Amino acid sequence: MHTGLRITAFAAALAATFGTAYGVGRGVDPVVAESEPAPHGEHGGSTAAQHGDEGREGQERTPPGGLQISEGGYTLDLATPRVTAGRSTELRFTVRDVNGDAVTAYQREHDKELHLVLASRDLVTYRHLHPTRAADGTWSTPVDLPAAGGYRVFADFTPAGKGAENLTLGADLAASGRYEPARLPAPNDTARTDGYEVELAGALRPGRASELKLKVSRDGEPVGDLQPYLGAYGHLVALRSGDLAYLHVHPNGEPGDGTTAPGPEVSFTATAPSGGTYRLFLDFRHRGEVHTAAFTVRAGSTPGAQEPAPAATPEHTDGHGH
């Protein structure tokens with residue numbers, strides 16, 4: 001991506017944060033920047049590390065996933081760019097091809113044709129949703145956002161067809177209502193959610209792969225009977241603070257492969273597109289319920305970075321009613 005386009009995308013992200021945070025009725029024009037689609041494996045668009053095109057640490061030559069509304073000839077057409085905080089709304093969108101036609105054929109990955117992630121720009125609210133698709137290609141799902149402000153919608157999918165690559169497209173969403181700014185929760189290596197404790201071991205590194213291990217326990221006892229969720233024992237989404245660059249990584253191993261145990265540890269290999277602060281969201285399933293644990297981590301050094309406020313309890317759901 002050219003430097004000018006990167007600056008434009010970053011400016012648009014700032015505009016979305018300050019222009020929609022108070023529910024002002026005027027939207028932000030989408031930024032369209034074409035690049036090659038991402039390779040399958042680590043979801044989330046093409047990163048320099050994935051293409052072996054990484055310069056010095058923290059310098060990206062190609063954009064991470066989720067920063068573009070269009071990529072590889074596909075565009076995310078968000079029909080519901082504004083909602084009201086605290087009120088359930090039907091979120092509707094379409095993925096369009098290079099001709100502007102709605103895409104109606106997808107490859108199923110992890111039991112779904114498309115995964116939809118929604119996050120607030122302060123990275124406190126997180127949703128992992130699975131919308132339904134109508135015959136005409138329109139996707140829809142109910143959303144109920146707790147607070148006014150700027151949000152980002154990420155569509156993670158692979159179109160049908162031989163050689164099609166996984167893509168993550170992003171679009172801005174505004175929630176109107178009374179706005180109260182929140183700061184990013186402080187870095188943490190232990191998260192508590194719904195009576196479970198999840199410990200994070202390992203470091204997220206810019207420009208090179210590293211292993212992250214997450215250990216799940218309940219009432220002080222390791223949980224060794226995690227259940228498959230969307231074809232895996234866990235799913236991990238990483239969002240970069242500031243521009244919400246998206247990195248979706250799947251575990252090392254899968255249920256039924258003869259070597260991967262159903263907990264208490266779930267292992268991932270991830271590559272951060274740059275140094276900075278990231279928010280990690282782990283989805284896991286136990287006793288028929290899906291739970292989400294959230295972490296704030298730093299990749300590389302961030303000189304002059306302001307210390308976040310004390311950790312807040314994340315507001316999350318995966319769209320399955322937990």
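Structure report, in brief. Sequence order as written defines residue numbering, which begins from 1 separately in each chain. Where totals are concerned, whole chains, interfaces and linings use all residues; where local detail is concerned, this predicted model gives features only for residues with pLDDT of at least 70, and gives and counts side-chain atom pairs only at 80 or more. Side-chain figures throughout are based on the complete set of non-hydrogen atoms in the structure, without hydrogens or water.

What follows deals with the environment of Y151. Helix and strand definitions follow DSSP, with helices as H or I runs of at least four residues and strands as E runs of at least two, each counted in order from the N terminus. Positionally, Y151 belongs in strand β9 (residues 149-157). Note on exposure labels: buried denotes an accessible area under 20% of the residue type's maximum, exposed denotes more than 50%, and partly exposed covers the range between, all computed with a 1.4 Å probe on protein chains only. For Y151, a relative accessible area of 2% corresponds to the buried category. Here the alpha-carbon distance between Y151 and P81, two residues 70 residues apart in the chain, equals 9.8 Å. Non-local contacts of Y151, meaning those with residues more than four positions away in its chain, are made with L118, A119, S120, R121, T125, L145, P146, A171, D172, L173 and A175. Two N or O atoms form a polar contact when they lie within 3.5 Å of each other; inside protein one atom must be a possible hydrogen donor and the other a possible acceptor, and for residues adjacent in sequence the pair counts only when both atoms belong to side chains. Engagement of the side chain of Y151 in a polar contact is seen with the backbone oxygen of A147, the distance being 2.6 Å. Any two residues whose heavy atoms approach within 4.5 Å at even a single point are treated as in contact.

The next subject is the environment of G65. Positionally, G65 belongs in the loop between α2 (48-51) and β1 (70-71). On the accessibility criterion, G65 (0% relative accessible area) is buried. Each C-alpha atom, one on G65 and one on L167, is 7.4 Å from the other, the two residues being 102 residues apart in sequence.

The side chains of a regular strand alternate, first on one face of the sheet and then on the other. The element β9 is extensively covered by neighbouring structure, given that 9 of its 9 residues are classed as buried. Strand pairing requires that DSSP identify at least two bridges connecting the strands. Where strand β5 (residues 114-120) and β9 come together, 7 bridges link them in antiparallel fashion. For L118, the partnering residue across the bridge sits in β9 and is V153. As judged from the 9 bridges shared by β9 and strand β10 (residues 167-176), these two strands associate in the antiparallel manner. Its bridge partner lying in β10, G149 is registered against A175.

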